[in-house]
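Structural overview
Okay, here's what each chain looks like letter by letter:
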Amino acid sequence: FDPSRYEGGGPPPYTFVPFGGGPRICLVKEYAQLEILVFMHHLVERFRFQKLIPDEKIVVDPMLIPAKGLLVRLFPHKG
């Protein structure tokens, strides 16, 4: 562990840095990604999804997003 890598100014204030600006800024990035993957795995394995609004429109603002937020109902798998 080299704590000197955190010395210095870092990115300028108000800079958008998702999960850090490189491998040395966010210490738990990999752990957070693993936790999200494990959660999603269990969610998909244990539940079945049903869209509540079948023909929901997609809005471009600037990314593609469902107009009403993609509401779903979860049903546990039988067995």
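Relevant structure appears above.
Remember, predicted model here, so these are calculated numbers, not experimental data.

Conventions used here
Once a new chain begins, its residue numbering starts again from 1 and follows that chain's sequence as written. Totals for whole chains, interfaces and linings use all residues, but because this is a predicted model, local features are given only for residues with pLDDT of at least 70 and pairs of side-chain atoms are given and counted only at 80 or more. Hydrogens and water are ignored here; the side-chain numbers use all heavy atoms of the structure. For the purposes of this entry, the term helix denotes a DSSP run of H or I that reaches at least four residues, the term strand denotes a run of E that reaches at least two, and both are numbered from the N terminus. Grouping into patches uses exposed residues only, defined as over 30% relative accessible area, and leaves out salt-bridged ones; the cut-off is 9 Å for like charges and 5 Å for nonpolar side chains (Val, Leu, Ile, Met, Phe, Trp, Tyr). Methods summary: accessible areas were calculated by the Shrake-Rupley approach with a probe of 1.4 Å, and residue burial reflects only the protein chains presented. One side-chain nitrogen of Lys or Arg within 4 Å of one carboxyl oxygen of Asp or Glu is enough to make a salt bridge. We call two residues in contact whenever any of their non-hydrogen atoms come within 4.5 Å of each other. Buried, partly exposed and exposed residues are distinguished by accessible area as a fraction of the type maximum, computed with a 1.4 Å probe on protein chains only: under 20%, between the cut-offs, and over 50%, respectively. None of His or the chain ends enter the tally, which takes Lys and Arg as positive and Asp and Glu as negative. Within 3.5 Å is the distance limit for a polar contact, defined as a pair of N or O atoms, with the added protein rule that one can donate a hydrogen and the other accept it, and that residues adjacent in sequence qualify only through two side-chain atoms.

A count of helical and extended segments in the chain gives one helix and four strands. In sequence order, the chain lays out its α and β elements as α-β-β-β-β.

We now examine a nonpolar patch on the surface. A cluster of nonpolar residues, Ile36, Phe39, Met40, Val44, Phe49, Leu70, Val72 and Leu74, forms a patch on the protein surface that exposes about 710 Å² of accessible area. Put simply, the parts of the chain that give the nonpolar patch at least two residues each are α1 (29–46) and β4 (72–76). No other element matches α1, which puts four residues into the nonpolar patch. Counting through the fold element by element, isoleucine 36 comes out in helix α1.

With respect to the secondary-structure elements, isoleucine 58 resides in strand β2 (residues 58–60). Apart from residues lying up to four places away in sequence, isoleucine 58 is in contact with Leu64, Ile65 and Pro66.

What follows concerns the side chain of glutamate 56. Within the secondary structure layout, glutamate 56 lies in the loop between β1 (47–51) and β2. The charged side chain of glutamate 56 is buried without a salt bridge, its nearest counter-charge being lysine 51 at 5.6 Å. One polar contact links the side chain of glutamate 56 to the main-chain amide nitrogen of glycine 69, over a distance of 3.2 Å. A polar side-chain atom of glutamate 56 sits 3.3 Å from the main-chain amide nitrogen of leucine 70. Setting aside its immediate chain neighbours within four residues, glutamate 56 contacts Pro66, Ala67, Lys68, Gly69, Leu70 and Leu71.

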